[in-house]
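Residue-level listing of the chains:
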Amino acid sequence: SYLKDFSQAFINKNPHLLPNITLGYHLLNNFHHDRLAVESSLIWLSGRGPAIPNYSCDRQPNSVAVIGGMSSTLSMSMATILKLYKVPQVREPNTVINFHPIYSFRESTLHLAFIQLMLHFGWTWVGLVLSDNMRGENFFSHLKEEMDKNGLCVAFKESVPPNFKGDEYYRLSSRITASSSNVIFVYGDTDSLQELAIAFIAYVLHGKTLVATTAWDFSFDSNLELLTHFHGTLLFSSSQMEIPGFTDFVRSLNPSVNSEDIFLRTFFESLLKCRFSEKSHVQMLDTMCPEGVSWADLPFINFDKIIMELSSNVYNAVYLVAHALHEMLQSEAKETLQLGSNPDLSWMVTFLFHDIFSLSMVETQTPTSMCSLSCGPGFKKTVHESQPICCFECTPCPEGQISNQTDAEQCLQCPEDQYPSRERHRCLPKTVTFLAYEEPLGMTLACAALCFSLLTALVLGLFVKHKDTPIVKANNRSLSYTLLGSLSLCFLCPLLFIGRPNTATCLLRQTIFAVVFTVAIASVLAKTITVVLAFKATKPGSKLGRWLGSTTSYSLIFTCTLIQTCLCGIWLGTYPPFLETDIYSEPAFIVIQCNEGSILTFYCVLGYMALLAFGSFTVAFLARNLPDTFNEAKFLTFSMLVFCSVWITFLPTYQSTKGKAMVAVEVFSILASSAGILTCIFVPKCYVILLRSDRNTLEIVKIKANLCGARSSQILPHQSF
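Predicted model only: the values in this text are computed from it and were never measured. Residues take numbers from 1 onward in each chain, read along the sequence in its written order. Residue-level local features of this predicted model are given only where pLDDT is at least 70; pairs of side-chain atoms are given and counted only at 80 or more, and the full residue set underlies all totals for whole chains, interfaces and linings. Each side-chain value is derived from all of the structure's non-hydrogen atoms; neither hydrogens nor water enter the calculation.

1. Observations regarding the pattern of salt bridges
Then step 1. One speaks of a salt bridge when a side-chain nitrogen belonging to Lys or Arg is within 4 Å of a carboxyl oxygen belonging to Asp or Glu. Scanning the entire structure with this criterion turns up ten salt bridges.
Then step 2. For Asp 148, the salt bridge identified is with Lys 144, shortest N-O distance 2.8 Å. In this pair, Asp 148 and Lys 144 are both assigned in helix H5 (residues 134-149), four residues apart and thus about one turn of the helix distant.
Then step 3. Think of it in three bands: with a 1.4 Å probe and only protein chains considered, a residue is buried below 20% of the maximum accessible area for its type, exposed above 50%, and partly exposed in between. By relative accessible area, which is 28% here, Lys 144 ends up partly exposed.
Then step 4. A salt bridge links Arg 509 to Glu 596; the nearest nitrogen and oxygen atoms lie 3.8 Å apart. In this pair, Arg 509 is assigned in helix H16 (residues 503-536) and Glu 596 in the loop between strand E18 (589-595) and helix H18 (599-622), connecting sequence segments 87 residues apart. We note that Arg 509, like Glu 596, is buried. Elements are defined by DSSP. Helices are runs of H or I of four residues or more, strands are runs of E of two residues or more, and each kind is numbered from the N terminus.

In structure tokens form, the structure reads like this:
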């Protein structure tokens, strides 16, 4: 009524609108009941006194239109009577009759506004409560289509019938409470949702946020205290234009000043729980209202915002009637009020709004509503069959892949020159690497190689210095020199494996290592055969003495080395080693390494050295029980045992490693096997030469020889073979 007072006051003051005509209004209340809506319509048509159909008690009826009908049910109830008298009815947009084909109305932007709100707050798992009618189903159809496009899911869908009450309150509230969705979107006409508010008051939805439209405000009009039960509810409303002077007009209303306004006084008494006089219509109130009470004393400080949409609609409706009446009077054509030819609804004027919806929010903390927590970078969503797309598990990206966004559907493969971070949320550039001298492993291996090579050279010098002693002369000292020289070179071979590889080092390192190692193993084989032949030649009538010279030993070494050289030549001539970059062995590095080329030839070279080592081990093992006065058979046996053990272990380890670790394994095997030969064969001799020189004399040798002869008929020859 305040807005109509305000509107007609401004219209009456406008000289350009309805000049010389005063616009007034007659207020009737239907209390939201269909029967009273029909009765109020009859009273309005009959004029004063009781409602008499087809009779008017006013001599000069001045009413030209009806503004009202807060719901489609009330509007139809009123239209049933008003259409008979061709009275125009201006109604709210929320009361459009959806089931009528002519006035079928779909709020084409509301479902999009719902979608934008879901996306803005990340509400991917929401519940829907809709009117159980065609309006609700149509809205759900359009909303579901957009939700599917944007990856949003419906946790549940509940339909509210018009006569919703009783036990259905509890069942609906229980289903909503049991849902894992924390945000519930409510949509429907006023009739369907009128009882829904009562259900939510009776059974409070703890932890749930409701999102609705201002069409639901209908349920609050009779008792504004009900709003306290819906704290945190989000309401969509049509964007409203500012009504000039309306706010000041409302705030100026005062029951004391406007004492003739019974509606204002009753309104204040209902909200303040007090009464202004003993004759108050609110008989149950005992407390008297304080003097000077004003709009600022009302408990709802945002009441002007709550009623703004209804106020704007009524404001526009009043001006619509005024302008229509003005145009009718100006054109003197009453037929201009007729807006359609439909026999049922021809005198109904529906005022529709198509503005963009806005949001009024009262919560300070944003609620969450998701079936599954978002998958952060480094993870991807894994949706199980028969589950909604919003319900998923977060699985880490596979090795070599990343995801750099939230809720990634698939992980991305890093480029070949990049690798995933530890969190697998971004790609990092790979670092070029190789077994360098600067790194601890490379430095350690290089130092070990140099130290062992220098140690071998010192042993060789020691042997040269004591070349005339029995322990050096035994078992062919020239073979000892050859073996020590080849071992010294073997210790230097790892230097070709350490450092940045190039084409030259790739071609030379394996071949040089193979040839030098073959010389060392062939020397051991020659020394082993020499020991056996030396004892066999002492037997009477034996002709093996002619094979004990140095020529035989060096011929053997030369032959073995020549065969290995031919294998290496075939290797280099057919499929030689080459330089390559390995981007797969180590995820964070690009390994510069040598590819061995022909793997078959490479293993043939290693196999040939293994054959020589196994032959040396076999012969030395058979000669281990010969008289041991400077007999090297046992030492040779142990040296070959260590050598074979190292390289047997090398093969599976080499196959299971990649990158520069593979190079380190081969370098370690070279050093370990060479050190095993040096230690087992020459450390005992160095011990005697340096620390037990008293045993390195011819007299001691003769004594031991006699003792050995007592145990065996064989005599160890004490000469240099």
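2. Side note on helix H19 (residues 633-656)
Since the α-helix advances by 3.6 residues per turn, residues separated by three or four positions end up pointing in the same direction.
Then step 1. Expected span, for any helix, means 1.5 Å times one less than how many residues it has. Between its first and last C-alpha, H19 extends 35 Å over 24 residues, near the 34 Å set by a 1.5 Å rise per residue.
Then step 2. The largest bend in H19 amounts to roughly 30 degrees and is located at Phe 650, with the proline Pro 652 lying one to four residues further along.
Then step 3. Every buried residue of H19 is listed here: Ala 633, Leu 636, Thr 637, Ser 639, Met 640, Phe 643, Cys 644, Val 646, Trp 647, Phe 650 and Tyr 654. Fitting axes to the seven residues ending at a residue and to the seven starting there, one defines the bend at that residue as the angle between these axes.

3. A few points about a nonpolar patch on the surface
Then step 1. Taken together, the side chains of Tyr 25, Leu 27, Ile 262 and Phe 263 present a nonpolar region at the surface, about 340 Å² in accessible area.
Then step 2. Note on placement: Phe 263 falls in helix H10 (residues 262-272).
Then step 3. Look at Phe 263 and you get partly exposed, because its relative accessible area is 42%. Every patch collects residues that have over 30% relative accessible area and no salt bridge, joining them within 9 Å if they carry like charges and within 5 Å if they are nonpolar side chains (Val, Leu, Ile, Met, Phe, Trp, Tyr). Every accessible area reported is derived by Shrake-Rupley at a probe size of 1.4 Å, with residue values counting cover from the shown protein chains alone.

4. Digging into the state of the cysteines
As used in these notes, a disulfide is a covalent bond between sulfur atoms, one from each of two cysteines.
Then step 1. Put simply, a disulfide is two cysteine sulfurs that come within 2.5 Å. For the coordinates displayed, the defined rule picks out seven disulfides.
Then step 2. There is a disulfide in this structure between Cys 506 and Cys 594, and the S-S distance comes to 1.8 Å. Looking along the S-S bond of the Cys 506-Cys 594 disulfide, the torsion reads about -80 degrees, which is the left-handed sense. Residue Cys 506 is found in helix H16, and its partner Cys 594 is found in strand E18; the two are separated by 88 residues along the sequence.
Then step 3. Its relative accessible area of 1% is what places Cys 506 among the buried residues.
Then step 4. Just so you know, Cys 493 is unpaired, no disulfide at all, and the nearest cysteine sulfur is the one on Cys 490, 5.5 Å from it.

5. Topic: the UniProt feature "transmembrane region" (unreviewed entry) in the chain
Then step 1. UniProt positions are given in the numbering used here, feature names are shortened, and annotations may be inferred rather than shown by experiment. Listed under "transmembrane region" (unreviewed entry) in the UniProt record, and renumbered for this structure, are residues 441-464, 479-499, 511-535, 556-579, 599-623, 635-655 and 667-690.
Then step 2. Between the end C-alpha atoms of residues 441-464 the distance is 35 Å, and the span holds 100% helix and 0% strand.

6. Thoughts on the pairing of strand E3 (residues 125-131)
Then step 1. Taken across its seven residues, E3 has seven buried, putting it largely inside the fold.
Then step 2. Two strands pair when backbone bridges link them, and E3 and strand E4 (residues 153-160) are joined in this way by seven bridges, in the parallel orientation. Its bridge partner lying in E4, Ser 131 is registered against Val 160.
Then step 3. Think of it this way: DSSP has to see at least two bridges between two strands before they count as a pair. Where E3 lies against strand E5 (residues 183-187), four bridges are found, and the strand directions are parallel. In the sheet register, Leu 128 faces E5, and the bridge partner there is Phe 185.

7. A look at the pairing of strand E17 (residues 578-582)
For a regular strand, side-chain orientation follows a simple rule: the groups alternate between the two sheet faces.
Then step 1. As paired strands, E17 and E18 are joined by five bridges and run antiparallel to one another. Opposite Glu 580, over in E18, you have Gln 593 as the bridge partner.
Then step 2. Counted between consecutive antiparallel strands, the loop separating E17 from E18 contains six residues.

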